[in-house]
Amino acid sequence: MPRKRVAVLISGRGSNMAALIEAAKASDYPAEIALVLSNIADAGGLDTARKAGIQTAIIDHKPFGKDRAAFDRAMHEVLIAHRIELVCLAGFMRLLTPEFVALWKERMLNIHPALLPAFKGLDTHKRALEAGAKVHGATVHFVVPEMDAGPIIMQGAVVVRPDDTEATLGARVLKVEHTIYPASLKLVAEGRVQVVDGRCLIDGKPVPDAGALIPVA
Ligand code: GRF
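These numbers come from a predicted model, not from an experiment.

A. How the structure looks around the pattern of salt bridges. Overall, the coordinates contain 10 salt bridges when judged by the stated rule. The shortest N-O distance in the salt bridge between lysine 126 and glutamate 130 comes to 3.3 Å. Taken as a pair, lysine 126 and glutamate 130 lie in helix H5 (residues 124–130) at a separation of 4 residues, close to a single helical turn. Because the salt bridges share partners, they merge into one network encompassing Lys186, Glu190, Arg192 and Asp203.

Rendered as structure tokens:
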């Protein structure tokens, strides 16, 4: 089967993007990272992508002002020009219009640093600590118009330690992110994920044989 052409959308350091690039180096990985697109010209991840020999594109959102639809259309054109089949949001800090989301329905993934539906939005590690959460983690999901919602593809959990700070907890969650994002993209690229009634089935089952929750000590 030809490898699926994937674009990774970033706004920052791009460590999840790097994990996807790394995974896609394996000859049996079902997807190739064909494009890294950033709305920030000096996003750290762009250098990493260039060094890995991956095509990059920058679409600065500022000239578009409040016209999110025009910004999204510009992105869509670039994605189409690169014959992109799947999109991975990886620290991409722009809200997307419902029109753009619809064009990429069940073909656009996002990673969120919390066990959704808990702790949507920003500062997830801080809020998990403040709430006294005992377990925290990360979620890969299909993108829907509502932010940090959408059918869950995979989650990974970490146990919250008594001495955790935002930084230590965030670092452990980030490791989980780097595992579950490539694993999720693999499943989607292989066509093994189906959305039924707003939930993901993997190989036709609610939970894949290997388990969709990756516990990390
Ligand atoms: C990650 O924590 C991701 O879950 C969130 O934004 C952060 C991006 O980090 N959506 P990086 O740019 O992938 O290093």
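B. Representation of the nonpolar core. In this structure, Val8, Ile33, Val36, Ile153 and Leu185 are the most contacted members of the largest nonpolar core, which totals 40 residues. The element that contributes the greatest number of residues to this core is helix H6 (residues 166–189), accounting for 9 residues. Three or more residues apiece are contributed to this core by two domains, here domain 1 (1–104) and domain 2 (111–217).

C. Region of the structure containing the site of the ligand. In the vicinity of the ligand, the contacting residues are Arg13, Gly14, Ser15, Asn16, Gly91, Ile111, His112, Pro113 and Glu177. Within the side chain of serine 15, one N or O atom sits 2.5 Å away from an oxygen atom of the ligand. Isoleucine 111 is positioned with one of its backbone polar atoms (N or O) 3.0 Å from a nitrogen atom of the ligand. For the ligand, whose accessible area on its own is 360 Å², the fraction buried by protein is 84%.

D. View of the packing of aromatic side chains. The tally for this structure, following the rule as stated, stands at 1 aromatic pair. Residues phenylalanine 64 and phenylalanine 71 carry aromatic rings whose centres are separated by 5.6 Å and whose planes lie at 70° to one another, so their mutual orientation is edge-to-face. The ring centre of phenylalanine 71 lies 5.9 Å from the NZ or CZ of arginine 94, which sits over that ring.

E. Quick look at unusual backbone geometry. In this structure, proline 117 follows leucine 116 across a cis peptide bond, with omega equal to 10°. By secondary structure assignment, the location of proline 117 is in the loop between strand S5 (108–112) and H5. The phi torsion at aspartate 203 lies on the positive side, around 50°, for a residue other than glycine. For aspartate 203, the position within the fold is in the loop between strand S9 (199–202) and strand S10 (213–216).

F. Spotlight on the domain arrangement of the protein. Here the domain parsing of the protein yields domain 1 (1–104) and domain 2 (111–217). Using only C-alpha atoms to locate each centre, domain 1 and domain 2 end up separated by 20 Å. Buried surface at the junction of domain 1 and domain 2, summed over both partners, amounts to about 1,600 Å²; 75% is from carbon and sulfur atoms. Looking only at domain 1, the three residues that lose the most surface to domain 2 are Asn16, Pro30 and Val101, adding up to 28% of its buried area. Where domain 1 packs against domain 2, one counts 0 salt bridges. Elements with a minimum of two residues in the side of domain 1 that touches domain 2: strand S1 (4–10), helix H1 (15–23), strand S2 (31–38), strand S4 (86–89) and helix H4 (98–103). If you tally residues by element for the side of domain 1 that touches domain 2, the top one is H1, at 5 residues.

G. Molecular detail of the side chain of histidine 112. By secondary structure assignment, the location of histidine 112 is in strand S5. What histidine 112 contacts, discounting residues up to four positions off in sequence, is Phe119, Lys120, Gly121, Thr124, Gly137, Ala138, Thr139, His141 and Asp148.

H. Structural context of helix H3 (residues 68–81). With 14 residues, H3 ought to run about 20 Å at 1.5 Å a step, and its terminal C-alpha atoms sit 20 Å apart, in line with that. Of all the residues in H3, the buried ones are Ala70, Phe71, Asp72, Ala74, Met75, His76 and Leu79. On its buried side, H3 packs onto S1, S2, S4 and H4. Remark: arginine 83 follows H3 within two positions and exhibits a positive phi of approximately 55°.

I. A look at the pairing of strand S8 (residues 193–196). Bridge count for S8 against S9 is 4 bridges, and the pairing is antiparallel. Pairing of valine 196 across the sheet is with arginine 199, part of S9.

Reading guide: rules and limits
- Residues numbered from 1 in each chain as written.
- Predicted model: local features only at pLDDT ≥ 70, side-chain atom pairs only at ≥ 80, totals over all residues.
- Heavy atoms only, no water.
- Salt bridge = Lys/Arg side-chain N within 4 Å of Asp/Glu carboxyl O.
- Helix = DSSP H or I, 4+ residues; strand = E, 2+ residues; numbered from the N terminus.
- Core = buried A, V, L, I, M, F, W, Y, C linked by side-chain atoms within 4.5 Å.
- Buried < 20%, exposed > 50% of the residue type's maximum accessible area, 1.4 Å probe, protein only.
- Domains from an automatic or database assignment.
- Near = heavy atom within 4 Å.
- Polar contact = N/O pair within 3.5 Å; in protein donor to acceptor, adjacent residues only side chain to side chain.
- Areas by Shrake-Rupley, 256 points an atom, 1.4 Å probe, with all protein chains shown as cover.
- Phe/Tyr/Trp six-rings, centres within 6.5 Å; stacked < 30°, edge-to-face > 60°.
- Lys NZ or Arg CZ within 6 Å of the ring centre and 35° of its normal.
- Buried area = accessible area lost by both parts, 1.4 Å probe.
- Contact = heavy atoms within 4.5 Å.
- Expected span 1.5 Å × (residues − 1).
- Pairing = 2+ DSSP bridges.

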